[in-house]
Amino acid sequence: MTQTRCKDQVILDLWHPLAALAEVPPGVVSDTVLLEEPVSYAANRDGKADVWRSLRDLPAGTPVEVGTLGNTLPVKIAYGYVWTSLGNPPADLFPIPEFEEADRRKLNAATVGVHVSAPRAIENFLDMGHFPYVHTDILGAEPHTEVKEYDVEISVDRDEILATRCRFFQPMASTASQGGADVDYIYRVPHPYCSVLYKSSPVDESRLDVIAVFLQPVDQEHIRAHMMLCVLDDSSEDKVIKRFQQTIFGQDKPILENQFPKRLPLDPRAETPIRADKSAIAYRRWLSQKGVTYGVIPAAT
Ligand SMILES: [Fe+2]
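Within every chain, residues take consecutive numbers counted from 1 along the sequence as written. Local features are withheld for residues below a pLDDT of 70 in this predicted model, meaning they are given only at 70 or higher, and side-chain atom pairs are given and counted only at 80 or more; totals for whole chains, interfaces and linings count all residues. Excluding hydrogens and water, the side-chain figures rest on all heavy atoms present in the structure.

Caption draft 1: Just the nonpolar core, in detail. Membership of the largest hydrophobic core comes to 65 residues, with the highest contact counts inside it found for Ile11, Leu35, Tyr187, Leu215, Ile223, Tyr283 and Leu287. Two domains each provide a minimum of three residues to this core, namely domain 1 (9-84) and domain 2 (97-297). Here a residue-residue contact requires only that any non-hydrogen atoms of the pair lie within 4.5 Å. In contact with isoleucine 11, not counting residues within four places along its chain, are Cys6, His16, Leu35, Pro192, Tyr193, Val292 and Tyr294. Ranked by size, the runner-up nonpolar core spans 18 residues in total, among them Ala20, Phe94, Ile96 and Tyr198. Put simply, buried Ala, Val, Leu, Ile, Met, Phe, Trp, Tyr and Cys residues joined by side-chain atoms within 4.5 Å make one nonpolar core. Only protein chains enter the accessibility calculation, which uses a 1.4 Å probe; a residue is then buried when its area is under 20% of its type maximum, exposed when over 50%, and partly exposed in between. Segmentation of the chain into domains, including their bounds, is taken from an automatic or database domain assignment.

Caption draft 2: Broad picture of the coordination of the iron ion. In this structure, His130 (NE2), His135 (NE2), Asp252 (OD) and Asp252 (OD) serve as the protein donors to the iron ion, at separations of 2.0 to 2.4 Å. In this structure, the iron ion is surrounded by four donor atoms whose angles at the metal cover 57 to 154 degrees, and the resulting shape is irregular. Every donor residue of the iron ion comes from the same chain, spaced as H-x4-H-x116-D. Note: metal donors comprise N, O and S atoms at 2.8 Å or less from the metal (3.2 Å for Na, K and Ca); water molecules are not included, so apparent gaps in a site are possible. For four-coordinate sites, all angles between 85 and 135 degrees define a tetrahedron; for four- and six-coordinate sites, opposite donors beyond 155 degrees with the remaining angles between 65 and 115 define square planar and octahedral shapes respectively, and all other cases count as irregular.

Caption draft 3: Fine view of the packing of helix α2 (residues 118-126) against helix α5 (residues 278-290). Inter-axis angles, ranging from 0 to 180 degrees, are taken between N-to-C directions of lines fitted to C-alpha atoms, where helices are fitted over the stretch in contact. Only DSSP runs of H or I reaching four residues or more are called helices, and only runs of E reaching two or more are called strands; each is numbered from the N terminus. Two elements in contact, α2 and α5, have axes separated by 9 Å at closest approach and are oriented at 150 degrees. Viewed along their axes, α2 and α5 adopt a mutual orientation that is roughly antiparallel. Judged by the sense of rotation from one axis to the other, the crossing of α2 with α5 is right-handed. On the side of α2, the interface is formed by Pro119, Arg120, Ile122, Glu123 and Leu126, while α5 contributes Ser279, Ala280, Tyr283, Arg284 and Leu287. Roughly parallel covers angles under 35 degrees, roughly antiparallel covers those over 145, roughly perpendicular covers 65 to 115, and oblique covers all other angles. Handedness of a helix crossing follows the sense of rotation of the near helix relative to the far helix, less than a right angle counterclockwise being left-handed and clockwise being right-handed.

Caption draft 4: The arrangement of the pattern of salt bridges in detail. For this document, the term salt bridge refers to a Lys or Arg side-chain nitrogen within 4 Å of an Asp or Glu carboxyl oxygen. Under the defined criterion, the tally for this structure stands at 17 salt bridges. For aspartate 151, the salt bridge is made with arginine 165, and the minimal N-O distance between the two is 2.9 Å. Placement of the pair is aspartate 151 in strand β8 (residues 151-155) and arginine 165 in strand β9 (residues 160-170), with a sequence separation of 14 residues. Judged by its relative accessible area of 34%, aspartate 151 falls in the partly exposed class. Among the residues examined, arginine 165 registers a relative accessible area of 51% and is labelled exposed. Two residues, glutamate 257 and lysine 253, come together in a salt bridge whose shortest N-O distance is 3.2 Å. Of this pair, glutamate 257 and lysine 253 both sit in helix α4 (residues 238-257), separated by four residues, roughly a single helical turn. Taking relative accessible area as the criterion, glutamate 257 reaches 28% and is therefore assigned partly exposed. Among the charged side chains, a salt-bridge network with shared partners connects Glu101, Asp103, Arg104 and Arg207.

Caption draft 5: Fine view of the pairing of strand β11 (residues 194-200). Among the seven residues in β11, six count as buried, and that is most of the element. When strand β10 (residues 181-191) meets β11, the two strands line up antiparallel, connected through five bridges. Bridge pairing in β11 links tyrosine 187 to leucine 197. Turn length for the β10-β11 hairpin, with the two strands adjacent in sequence and antiparallel, is two residues. Where β11 and strand β12 (residues 208-219) come together, seven bridges link them in antiparallel fashion. Paired with tyrosine 198 across the bridge in β12 is valine 210. In short, DSSP must find at least two bridges between two strands for them to pair.

Caption draft 6: Expanded view of α4. Taking 1.5 Å as the rise per residue, α4 with 20 residues should run 28 Å; its terminal C-alpha atoms sit 28 Å apart, in good agreement. Structurally, α4 contributes buried residues whose contacts are with β7 (105-114), α2, α3 (131-134), β12 and β13 (222-231). By this rule the span expected of a helix is its residue count minus one, scaled by 1.5 Å.

Caption draft 7: Inspection of the side chain of aspartate 277 at higher detail. Inspection of the secondary structure puts aspartate 277 in the loop between β14 (264-265) and α5. Despite its burial, aspartate 277 pairs with no opposite charge, the nearest such side chain being arginine 284 at 8.2 Å. Only 3.5 Å separates the side chain of aspartate 277 from the side chain of tyrosine 150, close enough to count as a polar contact. Leaving out residues up to four positions away in the same chain, aspartate 277 has contacts with Asp127 and Tyr150. A positive count includes Lys and Arg, and a negative count includes Asp and Glu. His and the chain ends are not counted in either. Two N or O atoms count as a polar contact when they lie within 3.5 Å, although within protein this holds only if one can serve as hydrogen donor and the other as acceptor, and sequence-adjacent residues are included solely when both atoms are side-chain atoms.

Caption draft 8: Summary view of the state of the cysteines. By disulfide we mean two sulfur atoms from cysteines, separated by a distance within 2.5 Å. As enumerated under the stated definition, the model contains zero disulfides in all. For the unlinked cysteine cysteine 166, the closest cysteine sulfur is that of cysteine 194, found at 19 Å. Note on cysteine 166: relative accessible area 1%, which makes it buried. No disulfide involves cysteine 230; its sulfur sits 15 Å from the nearest other cysteine sulfur, which is in cysteine 194. For cysteine 230, a relative accessible area of 0% translates into the label buried.

Structural data, given as structure tokens:
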């Protein structure tokens with residue numbers, strides 16, 4: 001079968017994440033689903049990977065040598081993940097220059113299946129307003145509920161959304177935090193289904209921690225959310241850093257799964273302005289401009 005079920009060429013032509021490379025069992029077939037298509041992948045101990053449309057005679061667990069299969073899909077190893085595409089992907093994935101900095105901890109905090117569309121999950125990631133209510137006493141606390149004025153632009157050069165000057169009072173911004181602090185945020189949305197967040201580092205005020213969500217669209221209303229951490233923290237164990245992010249995402253998951261409709265409406269009149277704040281409005285407009293139809297309810301034309 002070569003005909004894909006997703007008809008959205010913009011989405012088909014993107015790179016999509018499948019798995020954290022460090023978690024792929026080497027030398028054997030693993031299975032997943034991308035855009036309703038069963039796909040398989042394998043990696044070796046050198047960090048090379050193959051991805052292909054799943055084959056009946058190569059089920060999960062079968063030993064396989066990377067580089068020996070024909071008819072494979074495009075592959076990119078980036079930010080610790082295996083990425084592929086069902087279309088014609090660009091040469092490069094969006095840049096995250098901080099990933100090259102040697103003193104950062106780079107981890108997949110978790111890969112979590114969520115019953116929601118990718119755009120709904122991106123929009124939730126951009127929303128600071130829910131911090132005091134959903135991440136109470138960690139990323140926010142009453143009475144500090146106000147989302148202060150911030151700037152949003154759609155960068156034409158870089159083809160991404162950038163939200164800057166975001167500030168929020170956080171009781172416990174990360175595992176390295178000593179207590180409550182006003183935390184600076186920058187959000188980037190450089191890919192319709194990926195977002196990169198920069199926030200003040202509690203250990204070095206001149207630098208920023210990087211937290212990214214790379215969403216794998218399983219279908220229009222199911223995702224696997226891969227959470228990448230690229231943080232400054234010399235002291236905490238991996239599992240402690242991961243658990244912090246897993247706790248946060250565990251609080252978001254039921255909220256995401258209760259979203260209705262599960263696809264993101266792009267019509268500016270579809271939802272009230274309170275829910276769709278400035279960055280969300282820019283994100284919806286950007287998806288409309290790109291002509292994205294997968295995982296959204298397109299605006300009537
Ligand atoms: Fe959240």
